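# Geometric and topological summary
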Amino acid sequence: MEARGVLLLQFSSLERNSCRGFLLPHDAAPVVAVNTKYNPAARLFTVFHELAHLIRGDTAICDDPRSSSTERWCEQTAAQVLAPTDDLLPYLDRWVTTGKVTSIDDCRRIANRYKISLRAAAVRLISVERAESSLYSRIDRDTDFESGGPNPNAEPQTTPVRRVAALGNEIPRELLRARDQGLLTTVQVRRYLNVDPDQLNDISFRLQTADAEA
């Protein structure tokens, strides 16, 4: 996404009852922002939802997708990207049901298959006419939030890890490039990123590793 010029920001300061995400359109560097209070599957869905707004040329803050035809279109577009029809329908017929999905457990099975949120799975099933619209309203909104428990497999959340997670790779990369070109000093870059010298070196190393693995 960043390679296509779209910046992705992840905000940990937004509250649970705040927006899921928002879009800041710009000709050179549009920004998609997501709320980290939601779990990774829900965040991924929000990213594609906001990209759908970007395609339309909208400025958007994610709201209830039932509130407008635009929101419903973006919701359906995001769900289709994450669970393509030519894969979803054969999977349903073989492993779930040849009829309509009616249970939350089956909806969860589909969500797990495509690594998407329950709400995204419900939207997709409804759009391909394999579930009634009432299925969406039965999904508990709280299922999209982080569980709150620590992930023992997660990388330690050091300052460099948090900065790159929040800002993506491109913003720190551009700041470091500006420093190398003499447009910014190291102190200015550190102030922008709010890091100490060792932490800045760590971020630089992470970016170099990401570039080498790309």
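An account of the accompanying structure is given in this report. All values derive from a computational prediction rather than experimental measurement. (Residues numbered from 1 in each chain as written. Predicted model: local features only at pLDDT ≥ 70, side-chain atom pairs only at ≥ 80, totals over all residues. Heavy atoms only, no water.)

Here we come to the packing of aromatic side chains. Tallied over the full model, the rule gives 2 aromatic pairs. Centroid distance F11 to F22: 5.9 Å. Interplanar angle 15°. Geometry classified as stacked. Of this pair, F11 sits in strand β1 (residues 7–11) while F22 sits in strand β2 (residues 21–24), and the two are 11 residues apart along the sequence. Overall, the relative accessible area of 28% leaves F11 in the partly exposed class. Here Y91 and Y114 contribute two aromatic rings whose centre-to-centre distance is 6.2 Å and whose plane-to-plane angle is 80°, an arrangement assigned as edge-to-face. On the criterion of sequence distance, the pair formed by Y91 in helix α3 (residues 85–96) and Y114 in helix α4 (residues 104–114) is long-range, its members being 23 residues apart. (Phe/Tyr/Trp six-rings, centres within 6.5 Å; stacked < 30°, edge-to-face > 60°. Helix = DSSP H or I, 4+ residues; strand = E, 2+ residues; numbered from the N terminus. Buried < 20%, exposed > 50% of the residue type's maximum accessible area, 1.4 Å probe, protein only.)

Bringing the nonpolar core into the picture now. The biggest cluster of nonpolar side chains holds 26 residues, and the ones touching the most others in it are L92, C107, I110, Y114, I116 and L125. Of all the secondary-structure elements, those providing two or more residues to this core are α2 (69–82), α3, α4, α5 (118–127) and α6 (134–138). Top element by residues in this core is α5. It accounts for 6 residues. When sequence neighbours within four positions are dropped, the list of residues in contact with I110 reads L88, Y91, L92, V96, V101, A121 and L125. The next biggest cluster of nonpolar side chains, apart from the first, holds 11 residues, and it includes V164, L175, L176 and L193. (Core = buried A, V, L, I, M, F, W, Y, C linked by side-chain atoms within 4.5 Å. Contact = heavy atoms within 4.5 Å.)

So, on to the packing of α4 against α5. Between α4 and α5, the least distance of the axes is 8 Å, while the angle of their chain directions is 100°. The orientation of α4 with respect to α5, classified from their angle, is roughly perpendicular. Taking contact as the criterion, the partners of I104, C107, R108, I110 and A111 in α4 are, on α5, L118, A121, A122 and L125. (Axes fitted to C-alpha atoms, helices over the stretch in contact; angles between N-to-C directions. Parallel < 35°, antiparallel > 145°, perpendicular 65-115°, else oblique.)

Within the open sheet, the 3 strands sit side by side as β1-β3-β2. Their pairing is mixed. Each having just a single partner strand, β1 and β2 make up the two edges of the open sheet. With direction set aside, neighbouring strand axes in the sheet form an average angle of 15°. Across 4 bridges, β2 lies against strand β3 (residues 31–35) in antiparallel orientation. Residue pairing in the sheet places G21 in a bridge with V34 of β3. (Pairing = 2+ DSSP bridges.)

So, on to the side chain of R173. Within the secondary structure, R173 is located in helix α8 (residues 170–180). Given a relative accessible area of 15%, R173 falls into the buried group. Of the polar contacts made by the side chain of R173, one reaches the side chain of D211; its length is 2.7 Å. When near neighbours in sequence (up to four residues on either side) are disregarded, R173 contacts L207 and D211. (Polar contact = N/O pair within 3.5 Å; in protein donor to acceptor, adjacent residues only side chain to side chain.)

For the rest of this paragraph, the subject is the pairing of β3. Among the 5 residues in β3, 5 count as buried, and that is most of the element. Because side chains alternate across β3, one face comprises the buried residues V31, A33 and N35, and the other comprises V32 and V34, equally buried. Where β1 lies against β3, 5 bridges are found, and the strand directions are parallel. Within β3, the residue paired with L7 across the bridge is V31. From the end of β2 to the start of β3, which pair antiparallel, there are 6 residues.

Look at α2: 20 Å from first C-alpha to last across 14 residues, which is about the 20 Å you get at 1.5 Å a residue. Among the residues of α2, those classed as buried are E71, C74, E75, A78, A79 and L82. Seen end-on, α2 carries its buried residues on one side only, within an arc spanning 130°. The elements touched by buried residues of α2 are α1 (40–56), α4, α5 and α6. (Expected span 1.5 Å × (residues − 1). Arc of directions from axis to C-beta.)

Purely geometric numbers; function is a separate question.
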